[in-house]
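Structural overview
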Amino acid sequence: MKNFKTTYLKKIATALTLILSLLTLSLPAADKMKPEEVIAKHLESIGTPEARAAMKSVTIVGTAKATFFGRGGGVAEGISVVASEGDKYLVAMKFNNPDYQFEKMGFDAENFTVGYVRPGQRTALGRILQDNRGTFERGIMSGVLSTSWELLNVDENEAKIKYSGMGKIDGKKYHELSYNPKKGSDMSISLFFDPDTFRHVRTEYKRVISSGQGTGVDASARLSETRQKLIEDYSDFGAENNLTLPHTYRIYLEEISGNGTRSYEWLMNLQKFDFNNDIEDSEFKVDAY
């Protein structure tokens, strides 16, 4: 009887193993999509081809809140504007603070520029954007909120896009694409998409700056590399002009160096969307004080 039971259990175990193997082979690999498949589904999540093509320009107005973490931190509140027309785009925030009046960045279809917070001086965000301005000339900044959004019209001659599998954000898995401009960028760029809706929910930029050389052994030992991480988050999606667009836009910046960690957050609550109005070309050039 004992041998019979043992043989019977072994047969069941073998059958279960075979069934599980067949199920594994028959199930689609959700984490092995082609980048063009992710992009196609993402475009469908925005709206029909006709609705997307109808968006020639957009001006979006809302509130803005800047938070500075750590020593000397604080909060500033004000208004935000995200505007675009064709390949041109603008992201600007104005604050009710005499020491910190605004953040503004724009691309006029030829040059990416960043505003000075005061003559000759840019903010931490402004410096990073300016230092990597070539990266932000490709229609990545502000994502689907902009008519210049790179994925609306991917040019394979300008960038290489790869599927990176399922990346995690706060413990949840998202489809991840790596984006590499062919002209080169010091930043690694990742785009994240909701696995159910294929809405673009995050762009993440990372950059590592090698340490400098000190004047002596002790001085060199105190130097370390600098790690920069810039994140754009998109949430609270809703209908606007037959399109599904985010109404919360968050920018987060973190710098880790030998001097410690500095982090900043800008939160924009987007409220009023105006489509297909003419925007002066000069609005997209913002480097004047």
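Treat the numbers as computed from the prediction; the structure is a model and nothing was measured.

Once that is clear, we can look at the packing of aromatic side chains. Tallying each qualifying case throughout the model produces 10 aromatic pairs. Considering the side-chain rings of phenylalanine 273 and phenylalanine 275, the 6.5 Å spacing of their centres and the 20° angle between planes classify their relative orientation as stacked. Each member of the pair, phenylalanine 273 together with phenylalanine 275, is buried. Among the aromatic residues, ring-to-ring pairing joins Phe68, Phe95, Tyr100, Tyr264 and Trp266 into one connected group. Over the aromatic face of phenylalanine 198 sits the side chain of lysine 41, whose NZ or CZ is 5.6 Å from the ring centroid. Of note, lysine 104 hangs over the ring of phenylalanine 102, and the distance from its end group to the ring centre comes to 4.5 Å.

Moving on, we get to the pairing of strand S3 (residues 88–95). In terms of residue burial, S3 counts as a mostly covered element, since 7 of its 8 residues are buried. What sits between the antiparallel neighbours strand S2 (residues 74–85) and S3 is a turn of 2 residues, in which glycine 86 has the positive phi angle 60°. Bridging between S3 and strand S4 (residues 102–107) involves 6 bridges; their strand directions are antiparallel. Bridging across to S4, methionine 93 finds its partner in glutamate 103. Here S3 folds back onto S4 in antiparallel fashion, the turn holding 6 residues.

On to the pairing of strand S7 (residues 172–181), then. Burial analysis of S7 places 7 of its 10 residues in the buried class, the great majority of the element. Here strand S6 (residues 159–169) runs beside S7; their pairing, made up of 9 bridges, is antiparallel. From the neighbouring strand, glycine 167 faces S7, where its bridge partner is tyrosine 174. Between S6 and the antiparallel strand that follows it, S7, lie 2 residues; aspartate 170 among them carries a positive phi value of about 50°. Relative to strand S8 (residues 188–193), S7 runs antiparallel, the two sharing 5 bridges. Bridging from a neighbouring strand, glutamate 176 pairs with phenylalanine 192 of S8.

Conventions adopted
Residues numbered from 1 in each chain as written. Predicted model: local features only at pLDDT ≥ 70, side-chain atom pairs only at ≥ 80, totals over all residues. Heavy atoms only, no water. Phe/Tyr/Trp six-rings, centres within 6.5 Å; stacked < 30°, edge-to-face > 60°. Buried < 20%, exposed > 50% of the residue type's maximum accessible area, 1.4 Å probe, protein only. Lys NZ or Arg CZ within 6 Å of the ring centre and 35° of its normal. Helix = DSSP H or I, 4+ residues; strand = E, 2+ residues; numbered from the N terminus. Pairing = 2+ DSSP bridges.

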